[in-house]
Amino acid sequence: MSELVRFSVAMPDDLLMQFDNLVARRGLAKNRSEVIRDLVRDALVDEEWDNPDQEIVGTLSIVFNHHASDLQNKLDQVQHSHHDKIISAMHIHLDAHNCLEVIAMRGMSEDIRFIADSILGVKGVKHGRLTTTTTGRFL
Ligand code: NI
């Protein structure tokens, strides 16, 4: 566990008021310091995401209609061809037509972005989002 260091921050009072509202929304377990730490980690993770050589963990969520012709097969094909980077996948039947798939990946930023784009590019995928984090070097 690294040592906690205190420092002071100056900001406009209206920004501070909005920040305190955010702290309150995050619940009793969070205080100003913890929310600041979360925000700094988010910013650093985003920066790593920009570095193509950095290992990241990505979660891709997609929604699609399983009746669309051959869609499930195409999605499976893409996933099988990247089985070394896809560490888990979960399929949820949302209703009679729609499916949600959550695909967890681990690898170099550039590769994860490529796989996500390949899956999002499959015709019939209605919506998707890639969320990234790192393996914890500074978390
Ligand atoms: Ni389904």
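Just so we're clear, the structure is a prediction, and the values are computed from it rather than from any experiment. (Residues numbered from 1 in each chain as written. Predicted model: local features only at pLDDT ≥ 70, side-chain atom pairs only at ≥ 80, totals over all residues. Heavy atoms only, no water.)

**What to know about the coordination of the nickel ion**
What counts is decided by this rule: The donor set covers N, O and S atoms within 2.8 Å of the metal, switching to 3.2 Å for Na, K and Ca, and it leaves out water, so a site may look short of donors. Partly exposed residues are those whose accessible area sits between 20% and 50% of the maximum for their type, while under 20% is buried and over 50% is exposed, using a 1.4 Å probe and protein chains only.
Bound to the nickel ion are the protein donor atoms His91 (NE2), His93 (ND1) and Cys99 (SG), situated 2.1 to 2.4 Å from the metal. Sequence positions of the residues that donate to the nickel ion give the spacing H-x1-H-x5-C. You can call His93 exposed: its relative accessible area is 62%.

**Focus on the domain arrangement of the protein**
You'll often see interface size given as the accessible area lost when the parts meet. The condition that has to hold: How far each domain reaches was decided by an automatic or database domain assignment.
Splitting the protein by domain gives domain 1 (13-50) and domain 2 (55-134). Computed over C-alpha atoms only, the centres of domain 1 and domain 2 are separated by 29 Å.

**A few points about the sheet that holds strand β2 (residues 86-93)**
The line we're drawing: Here, any two strands with at least 2 DSSP bridges between them count as paired. To qualify as a helix, a DSSP run of H or I must reach at least 4 residues; to qualify as a strand, a run of E must reach at least 2; elements of each kind are numbered from the N terminus. Here an angle of 0 to 180 degrees is reported between the N-to-C directions of two axes, which are lines fitted to C-alpha atoms, with helices fitted over the stretch in contact.
Taken together, four strands build an open sheet; the order of strands is β2-β3-β1-β4 and the sheet is antiparallel. Looking at the sheet topology across the chains shown, the edges are occupied by β2 and β4 (125-133). When the angles between neighbouring strand axes are averaged without regard to direction, this sheet yields 15°. The pairing of β2 with strand β3 (residues 98-108) spans seven bridges and is antiparallel. Bridge pairing links Ala89 to Ile103 in β3.

**Remarks on the confidence of the model for the protein**
Threshold: Each residue carries a pLDDT value, the predictor's own confidence for that position, ranging from 0 to 100.
In the predicted model, the protein carries a mean pLDDT of 88, and the fraction of residues at 70 or more is 94%. Confidence scores differ between elements of the protein, with helix α2 (residues 32-50) showing the lowest mean pLDDT of 81 and β2 the highest of 96.

**Brief notes about a nonpolar patch on the surface**
We apply this condition: The patches reported here contain residues having more than 30% relative accessible area and no salt bridge. Joining distances are 9 Å for like charges and 5 Å for nonpolar side chains (Val, Leu, Ile, Met, Phe, Trp, Tyr). Surface exposure here means Shrake-Rupley accessible area, sampled with a 1.4 Å probe, where a residue is shielded only by the protein chains that are shown. We count a salt bridge whenever a side-chain nitrogen from Lys or Arg sits within 4 Å of a carboxyl oxygen from Asp or Glu.
On the surface, Phe7, Val9, Met11 and Leu15 cluster together to form a nonpolar patch covering roughly 400 Å² of accessible area. Mapped onto the secondary structure, Leu15 falls in helix α1 (residues 13-25). For Leu15, a relative accessible area of 43% gives the class partly exposed.

**Brief notes about the pattern of salt bridges**
For the coordinates displayed, the defined rule picks out seven salt bridges. A salt bridge links Asp38 to Arg26; the shortest N-O distance between them is 3.9 Å. Here Arg26 lies in the loop between α1 and α2 and Asp38 lies in helix α2, a separation of twelve residues in the sequence. The exposure class of Arg26 is partly exposed, given its relative accessible area of 37%. For Glu55, the salt bridge goes to Arg106, with nearest N and O atoms at 3.4 Å. Taken together, the positions of Glu55 in strand β1 (residues 55-65) and Arg106 in strand β3 put the pair 51 residues apart, joining distant regions of the chain.

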